[in-house]
Amino acid sequence: MSNTGKLMNAIKEDPGMIDQLLYPGKQLADMDLKKLRVHTMSSGFAGLDDKKIFKRGRGELIILGARPSMGKSGLGFQIAMNIAKNEKTHIFSLEMDHESVLARQIAHRMNKPLDYIQNGGAESPEGESARQDISKYNFVIDDRASLNVYQICDAARMQNKKSPTSLIVIDYVQIIATDSKDANRARAVAEISWELKSLAKELRIPVLLLSQLNRQSEFREGGRPMSSDLKESGALEQDADVVMLI
């Protein structure tokens, strides 16, 4: 009798076997305890590394939120570049093209204002040296506009299949396109949040998702933002493993 025939006979005798075949589950005795150990990737910021924010091989959704023009993109990309010195990072820049992202990185590397880079400073010997240094980093920039969350997830899977990715950065959640005809943007953002949370878990890669904040913090004494200020959706606060606010 073939193996298939034996399996079918076994299922007839014990119908409960079908559940085990579909999803056998995890047994505690089969788990490798070494996988519980946390290995932190260096973000270049001691305060974040001390808190073990960016963990290698852990699928967590990390939210970085701020009001417009408060530097969330700059911080998010700098974290990505710092990790890219030793690990592969995949950056989705939905708002800025890749030239703008690289101009900011060259400016940071040279400790010069962005205007200096845009007015020809990048063409100087120091600018060329900075570009050469950055070119050694292991990162990919996807600057296509109007991507929806499913296109982002598919692209992330493809890049990870080519070579393992250690961090995914997405700038930013409120401009991720949606095909939904539902005018409820909060519901759309909730769907995006859940899909990215699922992607992180599936690939075991931390996803750094940038987000705008609403205006509530501007009216709060001291102006200190709270996770409830995340714009358009309480699902971001609910789904995130870590929330960082500027």
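Above this text you will find the structure in question.
Residues numbered from 1 in each chain as written. Predicted model: local features only at pLDDT ≥ 70, side-chain atom pairs only at ≥ 80, totals over all residues. Heavy atoms only, no water.

Draft legend 1. A look at the overall build of the protein. For the protein, the helix and strand inventory stands at 10 helices and six strands. Taking contacts inside the protein between residues at least 6 apart in sequence as the whole, the part at least 24 apart equals 69%. A total of about 14400 Å² of accessible surface is found on the protein, and carbon and sulfur atoms cover 50% of it. (Helix = DSSP H or I, 4+ residues; strand = E, 2+ residues; numbered from the N terminus. Contact = heavy atoms within 4.5 Å. Areas by Shrake-Rupley, 256 points an atom, 1.4 Å probe, with all protein chains shown as cover.)

Draft legend 2. Looking closely at the pairing of strand β1 (residues 61–66). Counting buried residues in β1 gives six out of six residues, a clear majority hidden from the surface. Alternating positions in β1 separate into two faces, Leu61, Ile63 and Gly65 on one and Ile62, Leu64 and Ala66 on the other, with burial throughout. Looking at chain direction, β1 and strand β5 (residues 207–212) are connected through six bridges and run parallel. Bridge pairing in β5 places Leu61 opposite Val207. As paired elements, β1 and strand β6 (residues 242–245) share four bridges and run parallel to each other. Each bridged residue has a counterpart across the sheet, and for Leu64 the counterpart in β6 is Met244. (Buried < 20%, exposed > 50% of the residue type's maximum accessible area, 1.4 Å probe, protein only. Pairing = 2+ DSSP bridges.)

Draft legend 3. Quick look at helix α9 (residues 185–203). Its 19 residues give α9 an end-to-end C-alpha distance of 27 Å, which sits within 8% of 27 Å, the value for a rise of 1.5 Å per residue. Every buried residue of α9 is accounted for by Ala188, Val189, Ile192, Ser193, Leu196, Lys197, Leu199, Ala200 and Leu203. Contact partners of the buried residues in α9: β1, α8 (149–162), β4 (167–171), β5 and α10 (234–239). Note on α9: the residue one or two positions beyond its end, Arg204, has a positive phi of about 55°. (Expected span 1.5 Å × (residues − 1).)

Draft legend 4. Geometry of the pattern of salt bridges. Taken as a whole and judged by the stated rule, the model has eight salt bridges. Of the charged contacts, one joins Arg56 and Glu87 as a salt bridge, the two residues approaching to 2.5 Å between their closest N and O atoms. Remark: Glu87 occurs in the loop between α4 (72–84) and β2 (89–93) and Arg56 occurs in the loop between α3 (46–50) and β1; sequence separation between them is 31 residues. Overall, Glu87 belongs to the buried group, its relative accessible area being 14%. With a shortest N-O distance of 3.0 Å, Arg157 and Glu202 are connected by a salt bridge. With Arg157 in helix α8 and Glu202 in helix α9, the pair connects residues that are 45 residues apart, well separated along the chain. Classification of Arg157 by relative accessible area gives partly exposed; the value is 32%. Each member of the salt-bridge network shares a partner with another, and the members are Asp154, Arg157 and Glu202. (Salt bridge = Lys/Arg side-chain N within 4 Å of Asp/Glu carboxyl O.)

Draft legend 5. Representation of the sheet that holds β2. Read from one edge of the open sheet, six strands run β3-β2-β4-β5-β1-β6, paired in parallel fashion. On the outer flanks of this sheet lie β3 (139–142) and β6, each paired with one strand and no other. This sheet shows a mean twist of 15° between the axes of neighbouring strands, independent of strand direction. (Axes fitted to C-alpha atoms, helices over the stretch in contact; angles between N-to-C directions.)

Draft legend 6. Focus on the layout of surface pockets. Size it by volume and the largest pocket reaches roughly 350 Å³. Around the largest pocket sit Lys26, Gln27, Leu28, Asp30, Met31, Asp32, Leu33, Lys35, Leu36, Arg58 and Arg204, which together line it. Grouping the amino acids of the lining of the largest pocket by side-chain chemistry returns four nonpolar, one polar and six charged. Of the volumes computed, that of the second largest pocket is approximately 160 Å³. Lining the second largest pocket are Glu99, Leu102, Ala103, Ile106, Ile117, Ala122, Arg131, Ile134 and Ser135. (1 Å grid on protein atoms, 1.4 Å probe; cavity = no way out; pocket = protein on both sides within 12 Å on 5 of 7 lines; lining within 4 Å. Points joined across faces, edges and corners; volume = space filled by probe spheres on them. Nonpolar A, V, L, I, M, F, W, Y, C, P; charged D, E, K, R; others polar.)

Draft legend 7. Broad picture of the packing of aromatic side chains. Applying the stated criterion to the full structure yields zero aromatic pairs. In this structure, Lys72 is placed above the aromatic ring of Tyr172, and the distance from its NZ or CZ to the ring centre is 5.0 Å. Stacked on the ring of Tyr116, the Lys or Arg Lys112 has its end atom at 5.1 Å from the ring centre. (Phe/Tyr/Trp six-rings, centres within 6.5 Å; stacked < 30°, edge-to-face > 60°. Lys NZ or Arg CZ within 6 Å of the ring centre and 35° of its normal.)

Draft legend 8. Region of the structure containing the environment of Leu210. Positionally, Leu210 belongs in strand β5. Measuring from C-alpha to C-alpha, the distance between Leu210 and Gly65 comes to 5.8 Å, with 145 residues separating the pair along the chain. Excluding its chain neighbours within four sequence positions, the residues that come into contact with Leu210 are Leu64, Lys72, Ser73, Gly76, Val169, Ile170, Asp171, Tyr172 and Val173.

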